[in-house]
Amino acid sequence: MRILVLGGDGYLGWPTALHLSRRGHDVGVVDNFVRRQYDFEMGVDSLVPITQLQHRVRRWEEVSGLSIDTFVGDLTDPEFVDRLFERFEPDAIVHFAEQRSAPYSMIDRQHAVYTQVNNVVGTMNLLYAIAERNPAIHLVKLGTMGEYGTPNIDIEEGFIEITHKGRTDVMPYPKQPGSFYHLSKVHDSHNIQFACRIWGLRATDLNQGIVYGHETDETTMHPDLATRFDYDGVFGTVLNRFCVQAVVEHPLSVYGKGGQTRGMLDIRDTLACVELALLNPAGEGEFRVFNQFTESFSVQQMAEMVAAAYPDTVKIDHVDDPRVEKEEHYYRAAHTKLLDLGLVPHLLETSTIRSLLAVVDRYRHRIDMEAISPTVKWRSTASALRTTAGLTAG
Ligand SMILES: NC(=O)c1ccc[n+]([C@@H]2O[C@H](COP(=O)([O-])OP(=O)(O)OC[C@H]3O[C@@H](n4cnc5c(N)ncnc54)[C@H](O)[C@@H]3O)[C@@H](O)[C@H]2O)c1
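Given the structure is predicted, the values throughout are model-derived calculations rather than measurements.

Draft legend 1. Focus on the overall build of the protein chain. Counting its regular elements, the protein chain contains 12 helices and 14 strands. Its C-alpha radius of gyration of 20 Å places the protein chain within 12% of the 21 Å reference for a compact globule of 394 residues. Dimensions of the protein chain, computed from C-alpha atoms along their principal axes, come out at roughly 65 × 55 × 50 Å. Split into buried and exposed, the 394 residues of the protein chain put 54% on the buried side. For the protein chain, long-range pairs separated by at least 24 residues make up 80% of all intrachain contacts whose partners lie at least 6 apart in sequence. Carbon and sulfur atoms provide 50% of the accessible area of the protein chain, an area that totals close to 17100 Å².

Here's what the structure looks like:
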């Protein structure tokens, strides 16, 4: 297959591009490097150093003998998207290229608007390009389990059968997202579903859980092929943060009561799920939703697992929750469609946490402890960033 990986310079896009390349597909990577720009804005950096995209691609060619095309541009620019389709002619597109941090989207009005414009407009440009150039292209789009929120009933896989006043229909599952970022994903889902209905497009919306892990079979082939490792208060994910805190002997900071429960998966399973979706494409006019996670854990459970995996004693602290979310709640979400397609999950075992702790230990000299504290407060319409405090106009 000819596959475009949008956002292919990011945490998940890069290892996915390598994996698909090694599996014999012709891969093109697209990115505008805005993720690297957010690091400059926040004054933070990936814990594990990452090389430039062009350098990574050359290194991949050296170690694997396989080539990957690169396209540098912004998906919100329709002319760029058009040229991209003209030059690459994809059979399938994996779309990772969005602003993906909930805290980033909640910094202030500017960051909320940026997130929604970037994510929604980029996806709209893609939908038009697919419809105009080749409606048979299969769009595999990364959504999030956060689209559903935490309802007090079971979460289904995209759709729910509802009986109302004696009549029954299957409808999109109700969405109660928890940030302007998560809302952008809901808007995307609606736009994609509509495009499938009116233009007969084929799309798979992967409602992904929180991804953990850093190494894949391909990224470990050379240090220059490493992907990002984010642990800061804005882009870092919770397990990474706990591993960093454990290594520097800082108490693990659980937000609020720690009963917030989320679906999670290993980065190697992200690669496997995307590949399964590509190999089993949606039909003409079909909008499918797969819940892409393998296990769910509460934040408190994750802290306890990291503490248990670390050889020395680790303290767990509870700090004020900067987010507006239920700190204890019911959580049960269906996730059978990818298992039915053959997914064999890597579950979160002590050995996985120890391998993450080993990565952190290797780069402990790069840890910036000041970057870890949460600075973005959901209840406030504007939070000051440590890098911009005193610099902003007005
Ligand atoms: N990482 C997770 O735990 C997780 C969980 C659920 C869903 N997701 C989704 O998966 C996708 C990838 O996540 P990630 O962690 O790899 O994020 P990431 O920020 O590391 O990667 C996204 C990439 O897209 C690029 N990008 C963003 N906007 C772009 C635009 N307009 N044009 C071109 N390129 C653009 C960025 O520069 C970046 O390299 C996102 O859509 C995210 O919402 C991630």
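Draft legend 2. Representation of the pairing of strand β7 (residues 167-172) within the structure. In this sheet, β7 lies alongside strand β6 (residues 159-164) in antiparallel orientation, the contact comprising 6 bridges. Bridge pairing in β7 links T163 to T168. From the end of β6 to the start of β7, which pair antiparallel, there are 2 residues, and K165 there has a positive phi angle of about 50°.

Draft legend 3. Local environment of the pairing of strand β10 (residues 252-255). The side-chain alternation of β10 yields two buried faces, one formed by L252 and V254 and the other by S253 and Y255. Two elements, β10 and strand β14 (residues 316-319), share 4 bridges in a ladder whose sense is parallel. Counterpart to V254 in the pairing with β14 is H318.

Draft legend 4. Summary view of the sheet that holds strand β12 (residues 287-292). With parallel pairing, 7 strands are arranged side by side in an open sheet as β3-β2-β1-β4-β5-β8-β12. Every other strand in the sheet has two partners, leaving β3 (68-72) and β12 as the edge strands with one partner each. Across this sheet, the average inter-strand angle for adjacent strands is 20°, counted without regard to direction.

Draft legend 5. Region of interest: the site of the ligand. As a matter of local geometry, the ligand sits amid 27 residues, with D31, R100, N118, Y181 and K185 nearest to it. One nitrogen or oxygen atom from the main chain of A97 is found 3.5 Å from a nitrogen atom belonging to the ligand. Here the ligand loses 98% of its free accessible area of 820 Å² to cover by the protein chains. Mapped onto the shell around the ligand, the elements with two or more residues apiece are α2 (34-42), β5 (138-144), α7 (180-199) and β9 (210-212).

Draft legend 6. Examining α7 more closely. With 20 residues, α7 extends 28 Å between its outermost C-alpha atoms, agreeing within 8% with the 28 Å of an ideal straight helix rising 1.5 Å per residue. Here α7 has its buried residues at Y181, H182, S184, K185, V186, D188, S189, I192, A195 and C196. At the N-terminal boundary of α7, the capping side chain belongs to S179, with an oxygen 3.2 Å from the backbone nitrogen of Y181. Among the residues trailing α7, G200 stands out with phi positive, at a value near 70°.

Draft legend 7. Local environment of the pattern of salt bridges. This model, assessed by the stated rule, comprises 26 salt bridges. R22 serves as the salt-bridge partner of E218, at 3.1 Å between the closest nitrogen and oxygen. Linking E218 in the loop between β9 and α8 (238-247) with R22 in helix α1 (residues 13-22), this pair joins segments that are 196 residues apart in sequence. E218 gets classed as buried once you look at its relative accessible area, which sits at 4%.

Reading guide: rules and limits
Residues numbered from 1 in each chain as written. Predicted model: local features only at pLDDT ≥ 70, side-chain atom pairs only at ≥ 80, totals over all residues. Heavy atoms only, no water. Helix = DSSP H or I, 4+ residues; strand = E, 2+ residues; numbered from the N terminus. Rg over C-alpha atoms; globule rule 2.2 N^0.38 Å. Buried < 20%, exposed > 50% of the residue type's maximum accessible area, 1.4 Å probe, protein only. Contact = heavy atoms within 4.5 Å. Areas by Shrake-Rupley, 256 points an atom, 1.4 Å probe, with all protein chains shown as cover. Pairing = 2+ DSSP bridges. Axes fitted to C-alpha atoms, helices over the stretch in contact; angles between N-to-C directions. Near = heavy atom within 4 Å. Polar contact = N/O pair within 3.5 Å; in protein donor to acceptor, adjacent residues only side chain to side chain. Expected span 1.5 Å × (residues − 1). Salt bridge = Lys/Arg side-chain N within 4 Å of Asp/Glu carboxyl O.

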